[in-house]
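Take a look at the letters that make up each chain.
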Amino acid sequence: VVTGQFKGRKVWHITSLAAQSLWVLRALLEAMEVPVPSGKFILQPDAYKGRKLGLKLVHRVHDNKTKAKVENVFPLSEAAIGATDEAPAADEEET
């Protein structure tokens, strides 16, 4: 997280290289505005270091701990106008 109340925190979003899950990896790369060919290609993770993208997070409670879960990824250029860095009010937070 690079701005707002949670600046400096890490959010994990794990993807898989299994054929049925490649759409998640494609969405992640496209959100970083990386050109993704339609066929096979060699994934070069170090080339994506430092790239930024937008995340929509939801908060889930598990074992009495609130955890952020990535619900959606998108390019920063598509970030909602008027979005804030503030956390949602307690009654607005999804659990």
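Above this note sits the structure.
Residues numbered from 1 in each chain as written. Predicted model: local features only at pLDDT ≥ 70, side-chain atom pairs only at ≥ 80, totals over all residues. Heavy atoms only, no water.

## Side note on the overall build of the protein
Reasoning step 1: Helix and strand counts for the protein come out as one helix and two strands.
Reasoning step 2: Out of the 95 residues belonging to the protein, those deemed buried represent 16%.
Reasoning step 3: Sequence-distant contacts in the protein: of pairs separated by 6 or more residues, those separated by 24 or more amount to 33%.
Reasoning step 4: In the form shown here, the protein has an accessible surface area of approximately 7,900 Å², with 53% of it arising from carbon and sulfur atoms. (Helix = DSSP H or I, 4+ residues; strand = E, 2+ residues; numbered from the N terminus. Buried < 20%, exposed > 50% of the residue type's maximum accessible area, 1.4 Å probe, protein only. Contact = heavy atoms within 4.5 Å. Areas by Shrake-Rupley, 256 points an atom, 1.4 Å probe, with all protein chains shown as cover.)

## A word on helix α1 (residues 22-31)
Reasoning step 1: Of all the positions in α1, only Val24, Leu25, Leu28, Leu29 and Ala31 are classed as buried. Buried residues along α1 cover an arc of 160 degrees about the axis, so they all sit on one side.
Reasoning step 2: Residues of α1 that are buried sit in contact with β2 (65-74). (Arc of directions from axis to C-beta.)

## Re the pattern of salt bridges
Two side chains that carry opposite charge are able to pair once their charged atoms sit near each other.
Reasoning step 1: One pass over the structure, following the stated rule, counts two salt bridges.
Reasoning step 2: Arg26 serves as the salt-bridge partner of Glu30, at 3.5 Å between the closest nitrogen and oxygen. Of this pair, Glu30 and Arg26 both sit in helix α1, four residues apart, roughly one helical turn.
Reasoning step 3: A salt bridge links Glu71 to Lys56, with the nearest nitrogen and oxygen atoms 2.9 Å apart. Remark: Lys56 occurs in strand β1 (residues 54-62) and Glu71 occurs in strand β2; sequence separation between them is 15 residues.
Reasoning step 4: Take Glu71: its relative accessible area is 39%, and that puts it in the partly exposed class. (Salt bridge = Lys/Arg side-chain N within 4 Å of Asp/Glu carboxyl O.)

## Examining a nonpolar patch on the surface
Reasoning step 1: Together, Leu17, Leu22, Phe41 and Leu43 make up a nonpolar patch on the protein surface, roughly 360 Å² of accessible area in all.
Reasoning step 2: Note that Phe41 resides in the loop between α1 and β1. (Patch = residues over 30% accessible without salt bridge, like charges linked within 9 Å, V, L, I, M, F, W, Y side chains within 5 Å.)

## Let's talk about the nonpolar core
Reasoning step 1: Counting nine residues, the largest nonpolar core consists of Leu25, Leu28, Leu29, Ala31, Met32, Val34, Tyr48, Val70 and Val73.
Reasoning step 2: Elements with a minimum of two residues in this core: α1 and β2.
Reasoning step 3: The element contributing the most residues to this core is α1, with four residues. (Core = buried A, V, L, I, M, F, W, Y, C linked by side-chain atoms within 4.5 Å.)

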